[in-house]
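# Structure assessment
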Amino acid sequence: MSTDAQDTNAEDDLRERVTNFLRRNFPQIQMHGGSAAIQNIDMDTGEVSIQLGGACSGCGISPMTIQAIKSRMVKEIPEITKVHADTGMEGMGGEGAEEGMEPSFPGETTDDSEGRDEGPQAPF
C-alpha cells in the first residue's frame, strides 16, 4: 500500500472517530436541532476544526458545549492535540459570522417582525 493511501486511510479513520466521539458524547447537539461538522483535520499537527451549526448558532449554551468538546476530545482521542470549534457567530464567541447576525428567542419581538410574536412569553 502506498504512503498516500495509508495517509488517506489514517485520516478517514480519525475523521470517523471524531464523528463518533461527537455523536456519543454530545447527542444533545442533534437532539436540539443543531449540527456539528468536521471542517478540517490536520494529521501533521493533530488539530481539528469543528463547526457547530443549526440551532447551535443562536444557542446561549453553545460556548459551554464548545469548551466541553475542546477539553474532552483531546483527552479521548490521543492523535488530537488541539480543537478549534465555533458556531460562526461573531461577537458570540465564534469567528467569521455575518455582521449583525444575532440569535432570536421565543417570545421576543423585533422591529422587523411587524409586531408578530415569535412564541409564548416566559412565565417570569
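Fair warning: this is a prediction, and the values are worked out from it, not measured in the lab.

Here we take up the confidence of the model for the chain. Here the chain averages 78 in pLDDT, and 69% of its residues register 70 or above. A low-confidence stretch, residues 91-109 (pLDDT under 50), is modelled with 33 contacts involving residues beyond four sequence positions or located in other chains.

A few words now on the pattern of salt bridges. Scanning all chains against the criterion turns up 4 salt bridges. With a shortest N-O distance of 2.7 Å, Arg17 and Glu79 are connected by a salt bridge. Here Arg17 is found in helix α1 (residues 3-25), whereas its partner Glu79 is found in the loop between α3 (62-76) and β3 (82-86), with 62 residues between them in sequence. Here Glu76 makes a salt bridge to Arg24, at a shortest N to O gap of 2.0 Å. Separated by 52 residues along the polypeptide, Glu76 in helix α3 and Arg24 in helix α1 bring together distant segments of the chain. Residue classification places Glu76 among the partly exposed residues on the basis of a relative accessible area of 37%. Each of Asp13, Arg17 and Glu79 takes part in one network of salt bridges that share partners.

Conventions we followed
Residues numbered from 1 in each chain as written. Predicted model: local features only at pLDDT ≥ 70, side-chain atom pairs only at ≥ 80, totals over all residues. Heavy atoms only, no water. pLDDT = per-residue confidence, 0-100. Contact = heavy atoms within 4.5 Å. Salt bridge = Lys/Arg side-chain N within 4 Å of Asp/Glu carboxyl O. Helix = DSSP H or I, 4+ residues; strand = E, 2+ residues; numbered from the N terminus. Buried < 20%, exposed > 50% of the residue type's maximum accessible area, 1.4 Å probe, protein only.

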